There are 2 protein chains.
Amino acid sequence: MQQSVAEPRLFEPVEREPAYTRVAGAIETKILARELREGDPLPTETELAQQFRVHRSTVREALRRLESAGLITRPPGAKRMVVSRPAAAQLASGMRHALVLHDATFVAVWEAMMVIEPEVAALAAQRRTQADLAMLIAAHEAFKASPKGDPHAVEIVAQFFEILGAASRNQVLVLAKQSLTRALAPSLLKMIDTVPQARSRIADAQRRIIVSLKEKNVEEARRWMSKHVRDFKRGYEVAGISPDTPISA
Amino acid sequence: MQQSVAEPRLFEPVEREPAYTRVAGAIETKILARELREGDPLPTETELAQQFRVHRSTVREALRRLESAGLITRPPGAKRMVVSRPAAAQLASGMRHALVLHDATFVAVWEAMMVIEPEVAALAAQRRTQADLAMLIAAHEAFKASPKGDPHAVEIVAQFFEILGAASRNQVLVLAKQSLTRALAPSLLKMIDTVPQARSRIADAQRRIIVSLKEKNVEEARRWMSKHVRDFKRGYEVAGISPDTPISA
DNA sequence: CTGCGTCGGATTGTCGGACAATAGGACAAC
DNA sequence: GTTGTCCTATTGTCCGACAATCCGACGCAG
């Protein structure tokens with residue numbers, strides 16, 4: 001994460017890419033260029049091996065790489081792999097790994113949420129549809145109905161955020177957001193179970209946000225989401241969790 | 001990217017994970033738990049194969065997956081793989097793939113930048129060190145010195161953003177930001193070369209931002225960054241590039 | 001015609017083993 | 001200290017094999 005402004009070297013390292021990298025790259029290019037489209041089945045490993053003139057096991061290594069990048073997946077119970085778009089969850093887990101290993105703290109994630117979430121709420125207030133509202137309300141009800149100490153409750157809170165993201169109609173923010181909520185979820189669980197008033201405060205904020213969206217009141221949406229996120233930090237303080245707690249694995 | 005509020009199923013798909021996935025998972029867990037730390041060399045493939053009681057090629061498939069996730073890398077010119085933290089660039093490229101395949105448009109990315117960058121600038125204004133300022137100035141000078149039509153200029157602009165991110169001392173935002181600038185870079189290049197006044201406007205904004213940071217003037221930093229990013233969209237409009245242009249590969 | 005067994009071929013997951021190229025280290029020569 | 005030489009361990013790639021199972025076809029009952 002450090003950088004210098006410029007660092008010219010006399011020679012570049014001589015390029016010696018292993019074959020599996022090049023195979024993966026070739027397929028990746030085709031996918032990004034949409035020559036292979038989502039849902040298209042990949043050729044069989046043997047076919048690929050013949051086309052690239054490499055052994056099947058080399059092809060397989062390349063496939064593992066693409067699989068890990070989320071560019072190909074195997075539909076549950078299918079044998080052949082199909083081309084796919086990286087799922088948001090996939091990116092989120094990558095981001096979470098990075099955050100964990102870079103010793104990101106709770107405040108860092110929280111700060112990022114403070115930046116993003118209120119604006120997402122503001123956008124959502126302008127663009128939400130009736131369907132979005134219905135889903136938000138459903139999530140809200142589900143949260144209120146979730147029994148005390150239910151670990152599922154955090155899932156629902158996260159889902160509320162995700163629906164809101166979808167309502168903002170901005171895929172980029174959705175992707176970024178999701179990583180954050182996912183990273184926070186585990187510790188949030190602990191917080192909710194420790195702080196007695198947390199649940200009611202969350203429910204209240206959700207309600208206010210829903211109302212703001214319904215009225216397309218951009219300012220209020222932003223304000224309440226701000227409050228909502230700020231409350232998280234308050235909750236952590238009350239629960240005696242240090243803001244510098246690293247994101248746990 | 002769609003979702004429903006809840007979808008209970010009677011049965012989960014019966015779990016039948018291939019061995020390479022489990023091997024990858026096992027190693028991943030050890031890395032995230034810091035039992036294997038950054039820089040530690042992995043055991044050799046043969047050793048791993050013996051420990052996991054699988055064939056070496058199975059281990060290799062697992063390694064490819066970890067490699068793609070950025071959890072292990074091979075230092076240039078080395079033979080064995082070492083544990084590493086996912087580089088920001090790695091995440092950024094994953095994000096870019098996702099954006100491309102999800103048909104993210106230029107406005108979507110721009111909107112996300114409008115949300116994030118001004119706040120990053122604001123944070124940076126509070127936390128910047130002398131070293132940060134020096135690097136910003138260096139990047140700024142480099143930009144001004146870059147010859148007309150130099151494709152490298154965009155690189156420098158991106159670098160300016162990255163230094164600013166580093167100055168904000170928030171790794172989470174840095175990771176999120178980087179993906180955006182990287183996604184925008186290719187089309188930005190076209191814009192800069194088309195719009196004559198683009199370069200001077202960018203240089204001016206950079207200067208103002210640097211001054212704001214130097215004075216730790218949070219409000220001004222936010223304001224000028226806002227203007228800076230907004231200018232990008234203006235530039236696109238002037239250049240006749242549609243805001244709905246998809247992010248190119 | 002729709003739904004349900006059955007069956008054969010194709011494809012994947014995994015394995016055993018092989019070999020050339022080379023990184024890494026030890027050791028000698030300058 | 002640097003440079004050359006040699007040996008060994010390890011990786012990248014290949015070959016070939018086989019069990020499990022997905023896939024599609026085929027036929028039969030309702």
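For the structure, see preceding data.
We now turn to the structure provided with this report. Computed from a prediction, not measured in an experiment: that's the story for all the values here.

Packed helices, taken two at a time, are described by their axes: the angle between them and the distance between them. Residues and elements named next belong to chain A. Here helix α9 (residues 198-214) crosses helix α10 (residues 218-238) at 165°, and the two axes come no closer than 8 Å. The angle between the axes of α9 and α10 places the two elements in the roughly antiparallel class. At the point where α9 passes α10, the crossing takes the left-handed sense. On the side of α9, the interface is formed by R201, I202, A205, R208, I209, S212 and L213, while α10 contributes E220, A221, W224, M225, H228, D231, F232 and R234. Tallied by class, the residues present in the contact of α9 with α10 amount to eight nonpolar, two polar and five charged.

A separate point is the nonpolar core. Ranked by size, the top nonpolar core spans 156 residues in total, and within it I27(A), L213(A), F232(A), I27(B), L213(B) and F232(B) carry the most contacts. Here F232(B) is in contact with W110(B), M113(B), V157(B), F161(B), L188(B), M191(B) and I202(B), once residues within four sequence places are set aside.

A separate point is the pattern of salt bridges. Inspection of every chain in the model, using the stated rule, returns 40 salt bridges over all chains. Between D231(A) and R201(A) there is a salt bridge whose closest N-O contact spans 2.7 Å. Of the two residues, D231(A) is situated in helix α10 and R201(A) in helix α9; the sequence distance between them amounts to 30 residues. For E162(B), the salt bridge identified is with R182(B), shortest N-O distance 3.4 Å. Here E162(B), found in helix α7 (residues 152-167), pairs with R182(B), found in helix α8 (residues 171-194); they are 20 residues apart in sequence, far enough to count as distant. We classify E162(B) as buried; its relative accessible area is 16%. The class of R182(B) is partly exposed, set by a relative accessible area of 30%. Look at the salt bridges and you will find they share partners, linking E45(A), R56(A), R60(A), R64(A), E67(A), E61(B) and R65(B) into a network.

This brings us to the protein's contact with DNA strand D. In the vicinity of DNA strand D, 19 residues are found, and the nearest of them are A19(A), H55(A), T58(A), K79(A) and R74(B). Each atom of DNA strand D within 4 Å of the protein belongs either to a base or to sugar and phosphate, the latter forming 61%. With respect to DNA strand D, the side chain of R56(A) contributes an N or O atom lying 3.3 Å from a base nitrogen. In the model, a phosphate oxygen of DNA strand D is placed 3.2 Å from a nitrogen or oxygen of the E45(B) main chain. Among the elements of the structure, α1 (19-32) and α3 (56-69) of chain A together with α3 (56-69) of chain B are those that each provide at least two residues to the surface near DNA strand D.

Now for the packing of aromatic side chains. All names here are of chain A. Going through the model one piece at a time under the given rule, you end up with four aromatic pairs over all chains. Considering the side-chain rings of F161 and F232, the 6.2 Å spacing of their centres and the 55° angle between planes classify their relative orientation as tilted. You can see F161 sitting in helix α7 (residues 152-167) and its partner F232 sitting in helix α10, a full 71 residues away along the chain. In this structure F232 comes out as buried when scored by relative accessible area, which is 2%. In this arrangement the basic side chain of R199 is found over the ring face of F143, its NZ or CZ atom lying 5.4 Å from the centre.

In the vicinity of DNA strand C lie 19 residues, with R60(A), R74(A), A19(B), H55(B) and K79(B) positioned nearest. When the atoms of DNA strand C within 4 Å of the protein are sorted by group, sugar and phosphate make up 64%. Contact distances for DNA strand C include 2.7 Å between a phosphate oxygen and a side-chain N or O atom of R74(A). One of the backbone nitrogen or oxygen atoms of H55(B) is found 2.6 Å away from a phosphate oxygen of DNA strand C. In terms of residue class, the surface near DNA strand C is made up of five nonpolar, five polar and nine charged.

Further remarks concern the relation of the copies chain A and chain B. The two copies are related by a screw motion: chain A maps onto chain B through a turn of 180° and a shift of 0.0 Å along the axis, at an RMSD of 0.1 Å. Taken together, the turn and the small shift mark the pair as related by a two-fold rotation axis. Interface overlap between copies is the fraction of interface residues in one copy that are interface residues in the other; for chain A against chain B it reaches 100%, indicating a shared surface.

Reading guide: rules and limits
- Residues numbered from 1 in each chain as written.
- Chains lettered and ligands numbered in written order.
- Predicted model: local features only at pLDDT ≥ 70, side-chain atom pairs only at ≥ 80, totals over all residues.
- Heavy atoms only, no water.
- Axes fitted to C-alpha atoms, helices over the stretch in contact; angles between N-to-C directions.
- Helix = DSSP H or I, 4+ residues; strand = E, 2+ residues; numbered from the N terminus.
- Parallel < 35°, antiparallel > 145°, perpendicular 65-115°, else oblique.
- Left-handed = near helix turned anticlockwise from the far one by under 90°.
- Contact = heavy atoms within 4.5 Å.
- Nonpolar A, V, L, I, M, F, W, Y, C, P; charged D, E, K, R; others polar.
- Core = buried A, V, L, I, M, F, W, Y, C linked by side-chain atoms within 4.5 Å.
- Buried < 20%, exposed > 50% of the residue type's maximum accessible area, 1.4 Å probe, protein only.
- Salt bridge = Lys/Arg side-chain N within 4 Å of Asp/Glu carboxyl O.
- Near = heavy atom within 4 Å.
- Polar contact = N/O pair within 3.5 Å; in protein donor to acceptor, adjacent residues only side chain to side chain.
- Phe/Tyr/Trp six-rings, centres within 6.5 Å; stacked < 30°, edge-to-face > 60°.
- Lys NZ or Arg CZ within 6 Å of the ring centre and 35° of its normal.
- Least-squares fit on C-alpha atoms with pLDDT ≥ 70 in both.

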